[in-house]
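Structural overview
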Amino acid sequence: MKLYLICGKADSGKNFFGDILKKKFEEEGKKVCMLRITAPLYNYAKEYFSWDGEEKTKPRELLQTLGIEVIREKLGMKSFLVDRLTEDIKILDNFFDTGIITDGRLIYEFDLLKERFKDIKIIKMDRKNYKNDLTEKENNHLTEKDLDNPYDYDYVVENESLDNLLKAADRIVKEEVWVFK
């Protein structure tokens with residue numbers, strides 16, 4: 001299965017663009033599944049931190065409170081999301097041509113992802129001149145800062161307008177669809 005990871009800061013439009021890209025691939029006759037990695041993180045927060053499911057930002061706040069290094073080393077979170085994703089992909093690979101993953105946290109696991117999934121493309125969502133409503137703590141969170149680093153992204157999509165997103169999706173599908181032929 002060909003995989004596309006869409007990463008970006010909070011409110012960059014990852015999920016929205018993922019839905020657009022899914023539709024474009026389906027128009028080319030590809031079977032596409034969406035993998036929203038937030039769900040396992042929410043389950044983790046419920047199991048280990050007694051989160052009641054009410055405040056949607058609570059799992060993220062818990063991770064920020066603990067600190068990324070504590071999560072990675074003490075709680076075995078270094079590859080938690082990738083391990084879960086690997087299991088899901090093994091099952092979904094029998095049914096789908098393409099998987100679209102929308103999650104900014106996986107930026108830390110680029111190397112693990114590329115090692116486990118040889119056919120993966122990384123799409124970074126950018127939203128210039130956009131002031132989101134993150135708290136100061138969220139704005140200083142490692143994931144938010146790390147997304148500014150110049151990783152070797154396969155595509156960078158500017159989320160300036162719906163028209164721009166549609167054009168970007170068309171371009172990506174046009175460049176990638178040959179893989180399936």
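Quick note: structure is the one above.
Here the structure is a predicted model, which is why all the values come from computation and not from measurement.

**As for the overall build of the protein chain**
Counting secondary structure elements, the protein chain contains nine helices and five strands. Secondary structure of the protein chain in N-to-C order comes out as β-α-β-α-α-α-α-β-α-β-α-α-β-α. A buried classification covers 44% of the 181 residues belonging to the protein chain. Considering only residue pairs separated by 6 or more positions, the protein chain has 80% of its internal contacts joining residues 24 or more positions apart.

**Comments concerning a nonpolar patch on the surface**
A cluster of nonpolar side chains, contributed by Phe16, Leu162 and Leu166, occupies part of the molecular surface with about 270 Å² of accessible area. On the secondary structure map, Phe16 appears in helix H1 (residues 14–27). What makes Phe16 partly exposed here is its relative accessible area of 46%.

**So, the nonpolar core**
Membership of the largest hydrophobic core comes to 18 residues, with the highest contact counts inside it found for Ile6, Phe17, Leu21, Phe25, Ile123, Val157 and Ile172. Contributing elements (two or more residues each) for this core: strand E1 (2–8), H1, strand E4 (120–126), strand E5 (155–158) and helix H9 (162–176). Counting residues per element, this core draws most heavily on H9, which supplies five residues. Residues Cys7, Leu35, Phe117 and Tyr153 belong to the second largest nonpolar core, which totals 15 residues.

**Points about the sheet that holds strand E3 (residues 98–102)**
With respect to topology, five strands assemble into an open sheet ordered E2-E3-E1-E4-E5, the strand pairing being parallel. With one partner strand each, in any of the chains shown, strand E2 (32–35) and E5 form the two edges of the open sheet. Strand-to-strand twist across the sheet, computed as the mean angle between neighbouring axes with direction ignored, equals 20 degrees. Where E1 meets E3, five bridges bridge the pair, whose relative direction is parallel. Bridge assignment links Ile6 to a residue of E3, and that residue is Thr102.

**Examining the environment of Tyr153**
Tracing the backbone through its elements, the reader meets Tyr153 in the loop between helix H8 (142–146) and E5. You can call Tyr153 buried: its relative accessible area is 14%. In this structure, the C-alpha to C-alpha distance between Tyr153 and Ile123, residues 30 residues apart in sequence, is 6.1 Å.

**Structural notes on the packing of aromatic side chains**
Applying the stated criterion across every chain, the model contains one aromatic pair. Centre to centre, the rings of Tyr4 and Phe25 are 5.2 Å apart; their planes meet at 35 degrees, and the pair counts as tilted. Here Phe25 lies in helix H1 and Tyr4 lies in strand E1, a separation of 21 residues in the sequence.

Procedures and definitions
- Residues numbered from 1 in each chain as written.
- Predicted model: local features only at pLDDT ≥ 70, side-chain atom pairs only at ≥ 80, totals over all residues.
- Heavy atoms only, no water.
- Helix = DSSP H or I, 4+ residues; strand = E, 2+ residues; numbered from the N terminus.
- Buried < 20%, exposed > 50% of the residue type's maximum accessible area, 1.4 Å probe, protein only.
- Contact = heavy atoms within 4.5 Å.
- Patch = residues over 30% accessible without salt bridge, like charges linked within 9 Å, V, L, I, M, F, W, Y side chains within 5 Å.
- Areas by Shrake-Rupley, 256 points an atom, 1.4 Å probe, with all protein chains shown as cover.
- Salt bridge = Lys/Arg side-chain N within 4 Å of Asp/Glu carboxyl O.
- Core = buried A, V, L, I, M, F, W, Y, C linked by side-chain atoms within 4.5 Å.
- Pairing = 2+ DSSP bridges.
- Axes fitted to C-alpha atoms, helices over the stretch in contact; angles between N-to-C directions.
- Phe/Tyr/Trp six-rings, centres within 6.5 Å; stacked < 30°, edge-to-face > 60°.

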